[in-house]
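Remarks on the overall topology
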Amino acid sequence: MMKLFLLTIYLLILNVNANSDLKSYISQCDSAFCRIVDESLGKVVELRKIIDTGSIIPLYGQKADEICNSAIERFSAESPIPEIKGCEAIFDKKIEDLEKVLDAPLHVIYLKQLGLLRDKALKTFKSLINNSKLADNAGNTESSNEYEAVIQVDDTFRREAEESTRQSPDWDYTKEVSYLKLSLNEI
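The rules behind the values
Residues numbered from 1 in each chain as written. Predicted model: local features only at pLDDT ≥ 70, side-chain atom pairs only at ≥ 80, totals over all residues. Heavy atoms only, no water. Core = buried A, V, L, I, M, F, W, Y, C linked by side-chain atoms within 4.5 Å. Buried < 20%, exposed > 50% of the residue type's maximum accessible area, 1.4 Å probe, protein only. Helix = DSSP H or I, 4+ residues; strand = E, 2+ residues; numbered from the N terminus. Contact = heavy atoms within 4.5 Å. Expected span 1.5 Å × (residues − 1). Arc of directions from axis to C-beta. Phe/Tyr/Trp six-rings, centres within 6.5 Å; stacked < 30°, edge-to-face > 60°. Lys NZ or Arg CZ within 6 Å of the ring centre and 35° of its normal.

With that settled, consider the nonpolar core. Generally speaking, nonpolar side chains in soluble globular proteins are found buried as a group. Ranked by internal contacts, the top residues of the largest apolar core, which has 42 residues, are Leu47, Tyr60, Phe75, Leu98, Leu106, Ile109 and Phe157. For this core, the elements supplying multiple residues, two or more each, are helix 1 (2-52), helix 2 (60-78), helix 3 (87-137), helix 4 (146-164) and helix 5 (174-186). Ranked by residues supplied to this core, first place goes to helix 3 with 16 residues. Apart from residues no more than four positions distant in its own chain, Phe157 is found in contact with Leu114, Leu117, Arg118, Ala121, Glu176, Val177 and Leu180.

Put into structure tokens, the structure is as follows:
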């Protein structure tokens, strides 16, 4: 009977220690998470300032990927190793949350970037068409036609949109390509 009592006390002490260790682990993860999010969002704000001026951010997709990947790498390095039962799930959840917290504002910038790229493509198309009409009026036979202008603008838009896209399944510009084609057909 006494052995059972002592075993029960021992298990309770282990449970209290485990809960204390778990709380400490969570606290350390939360601290690293908040610090890394704060620093990473500072980089996002700098990109947002650029896009808000109407400027296109070259290689935006790579920059967005670097912000997210760097944050995840830092979190992995700065967080304690999950040695207690249940800590691996907490660690994995923090990594997932970190990606989501950073991806959301980066995706908003991405959508603005696509809009700027579409506007640029439409302006380029109008310019090419106007130059083509001027050349045709001057008797120049080497002028580009509308079809060539559409192909050129579409290719440029797709290349720049691809450079702006993160390696994330949620980042896609196919709707913008369709919208660009509709807009080009209306001109």
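To continue, consider helix 2. Between the first and last C-alpha of helix 2 there are 27 Å, a value that for 19 residues agrees with the 27 Å anticipated at 1.5 Å per step. Every buried residue of helix 2 is accounted for by Tyr60, Gly61, Ala64, Asp65, Ile67, Cys68, Ala71, Ile72 and Phe75. Each buried residue of helix 2 sits inside an arc of 155° when the element is viewed along its axis, so together they form one side. Those residues of helix 2 that are exposed and angled more than 90 degrees off the buried face are Gln62, Glu66, Glu73 and Ala77.

Once that is clear, we can look at the environment of Phe91. Relative to the assigned elements, Phe91 resides in helix 3. We classify Phe91 as buried; its relative accessible area is 16%. On a C-alpha basis, the gap between Phe91 and Asp30 in space is 9.9 Å, while along the polypeptide they are 61 residues apart. Residues contacting Phe91, with those up to four places away along its chain left out, are Tyr25, Phe75, Ser76, Ser79 and Pro82.

If you walk through the whole model with that rule in mind, you get four aromatic pairs. Centroid distance Phe33 to Phe75: 6.5 Å. Interplanar angle 90°. Geometry classified as edge-to-face. Linking Phe33 in helix 1 with Phe75 in helix 2, this pair joins segments that are 42 residues apart in sequence. Assigned by exposure class, Phe33 and Phe75 land together as buried. Ring-pair connections join several aromatic residues into one group, and the members of that group are Phe33, Phe75 and Phe91. Between Lys94 and the ring centre of Phe33, over which it is positioned, the NZ or CZ distance is 5.1 Å. For the cation-ring pair, Arg166 lies above Trp171, with the distance from its terminal atom to the ring centre recorded as 5.8 Å.

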